[in-house]
Amino acid sequence: MITMEISYDVRVWQIETRQGQQRDSYGVHWSVAGRRRGRTFQTYALADGFRAELLTATHRGDPFDVLTGLPATHGPRASMVGWCDFALQFVDCQWPRVSANHRRNTARTLMIVTTALLTRDPPGVGQRRVRIALQEWAFNTGRRDSAPDDVVAVLGWVRRHTPTMEVWNDPAAVEDVLLVLGTLLDGTPAAASSVQRHRRVLNLVMRYAIRRRVLLENPLPRGRGGKSKRSIAVDRRCLLNPRQAAGLLDRVRRRPRGGARLHAFFTTLYYAGIRPEEAVALRVSDFVLPQSEEDDQWGEVTVHGAEPEVGRQWTQTGTAHEQRGLKGRDERETRCVPCHPALTRVLRDYVAAQALRPEDRLFAGERGGVLAGSVYRRAWRQARQEVLPPHVCTSPTGKRIYDLRHTCLTTWLNSGVPPAQVAEWAGTSVAMLFAVYAHCISGQTKELQRRIEAAWDITSPDAAA
């Protein structure tokens, strides 16, 4: 649980009178932990009363909330906290605890929300520059302090022109923000998966606001009415048949540059069903391959981690890839996946030809680092364009690298491998396996019908007996 950040370092100044054209206003200024605060009142009595509350709290030795600038004993004061300041603190609070991919998703969601709360754009600054300043600099804890001067100027303007957290008490404003989160820049609806991701992040922000006593309750609507329908089932059209897969892998193998490495990489995804980010983290020693003279040519691969590519600006190490444990498992857990004899032959020849040592990366980049996603995506895209007929190339068939994993898992299920075993090999749950692949299972209907017929027939006396 996130605790309130408090401080006893409080200073309160005298009331400042400001002369206006129609009437005077009175400002109360104070600081908490060196951070200056201010609030303006229309009458001197109101200003003096508020200042007296601050002084009384300091004399009693009450702690002050660093975020709100108010005594910790005060209730939620959404009107005292700016949205931009609060969003920045939320990012800084969760930055050390979450993955690089989560940081990037959070920054994008907060960028969209912040721009939606602005009533106008900065003078002479395009919307694109505002979005980049927010997503790449403001909501990136690791880069914010090194932002260039022009970005700092944009962020300063945004900070001054975004509303306070009190805006979330307005149902109309909440509805407007959710509408923007569900719409792309061109006005078309966003993907259901993106909308749900944005809503998850925004819900985390609101829960944090409640814990920090800035809001009393979560203002986001509850129930199914506020959620976009999202199907996680795999599209059967994306699956590759054996002839298509063989043609694509052969074309990749014949690439003049890096063909052997990429061929082994894609073949591993096709036969072992592991995720691309898991494959790039494999070492030669993770494979147990039988000798060529052995009768049993099934091998085994131990998957121990993943290195997703998220961008060097989001990782703690400053590298483009983040080292992580297996998805949904403890950081030290591993899983074993069978190595098809065809994959055994490919990897055995590849390791021998490249003279790889046990500690080497199995699929390294040209300079020895992690194999870049842009490299293998470009190779796969070019292979599809050269091998598949035009009408197939424009279809979903094998369009994504991940479709190799989909094809493998579907093949396992259609071959009669128990779902629990497939889920274990794939590193997922049985429930998720059925939700994604159940409608892709085919070719077993006749066999199942024969089993049912043999076990269940009461239409004749002999059968009933």
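A few points about the overall build of the chain
Helix and strand counts for the chain come out as 18 helices and nine strands. Computed over its C-alpha atoms, the radius of gyration of the chain comes to 30 Å, more than 25% above the 23 Å expected for a compact globule of 465 residues. Projected onto its principal axes, the C-alpha coordinates of the chain cover approximately 95 × 70 × 45 Å. Classification of the 465 residues of the chain by burial places 44% in the buried group. In the chain, the share of contacts with a sequence separation of at least 24, taken over all contacts with a separation of at least 6, comes to 63%. For the chain, the accessible area works out to roughly 25,500 Å², and carbon and sulfur atoms hold 50% of it.

Things to note about a negative patch on the surface
Side chains of Glu293, Glu294, Asp295 and Asp296 sit close together on the surface and give a patch of like negative charge. By secondary structure assignment, the location of Asp296 is in the loop between β7 (287-288) and β8 (299-303). Given the relative accessible area of 48%, Asp296 is considered partly exposed.

Quick notes on the side chain of Arg361
Tracing the backbone through its elements, the reader meets Arg361 in the loop between α11 (341-354) and α12 (373-387). A relative accessible area of 13% places Arg361 in the buried class. One polar contact links the side chain of Arg361 to the main-chain carbonyl oxygen of Val280, over a distance of 3.0 Å. Here the side chain of Arg361 touches Glu307 through a polar contact of 3.2 Å, side chain to side chain. Beyond its immediate chain neighbours, meaning those up to four positions away, Arg361 contacts Val280, Ala281, Leu282, Arg283, Glu307, Leu356, Gly368, Gly369 and Val370.

Quick look at the packing of aromatic side chains
All chains considered together, the criterion is met by 14 aromatic pairs. Put simply, the rings of Phe265, Phe266, Tyr350, Phe363, Tyr376 and Trp380 pair up and form one aromatic cluster. When the ring centre of Trp13 is taken as reference, the NZ or CZ atom of Arg36 above it lies at 4.6 Å. The cationic tip of Arg103 hangs over the ring face of Trp95; the distance from NZ or CZ to the ring centre is 4.5 Å.

Notes on helix α3 (residues 100-117)
The end-to-end C-alpha distance of α3 is 26 Å, a good match for the 26 Å that 18 residues give at a rise of 1.5 Å each. Taken residue by residue, α3 has Ala100, Arg103, Thr106, Ala107, Thr109, Leu110, Met111, Ile112, Val113, Thr114 and Leu117 as its buried positions.

Topic: the nonpolar core
Formed by 55 residues in total, the largest nonpolar core has its most connected members in Phe265, Phe266 and Phe363. The element best represented in this core is helix α9 (residues 259-272), accounting for seven residues. Residue contacts for Phe363: discarding those within four places in its chain leaves Arg261, Ala264, Phe265, Thr268, Ala279, Val280, Leu282, Leu347, Tyr350 and Leu371. Ala87, Ala107, Val154 and Leu181 belong to the second-largest nonpolar core, a separate cluster that totals 49 residues.

Rules used throughout
- Residues numbered from 1 in each chain as written.
- Predicted model: local features only at pLDDT ≥ 70, side-chain atom pairs only at ≥ 80, totals over all residues.
- Heavy atoms only, no water.
- Helix = DSSP H or I, 4+ residues; strand = E, 2+ residues; numbered from the N terminus.
- Rg over C-alpha atoms; globule rule 2.2 N^0.38 Å.
- Buried < 20%, exposed > 50% of the residue type's maximum accessible area, 1.4 Å probe, protein only.
- Contact = heavy atoms within 4.5 Å.
- Areas by Shrake-Rupley, 256 points an atom, 1.4 Å probe, with all protein chains shown as cover.
- Patch = residues over 30% accessible without salt bridge, like charges linked within 9 Å, V, L, I, M, F, W, Y side chains within 5 Å.
- Salt bridge = Lys/Arg side-chain N within 4 Å of Asp/Glu carboxyl O.
- Lys, Arg positive; Asp, Glu negative; His and termini not counted.
- Charge placed at Lys NZ, Arg CZ, Asp CG, Glu CD.
- Polar contact = N/O pair within 3.5 Å; in protein donor to acceptor, adjacent residues only side chain to side chain.
- Phe/Tyr/Trp six-rings, centres within 6.5 Å; stacked < 30°, edge-to-face > 60°.
- Lys NZ or Arg CZ within 6 Å of the ring centre and 35° of its normal.
- Expected span 1.5 Å × (residues − 1).
- Core = buried A, V, L, I, M, F, W, Y, C linked by side-chain atoms within 4.5 Å.

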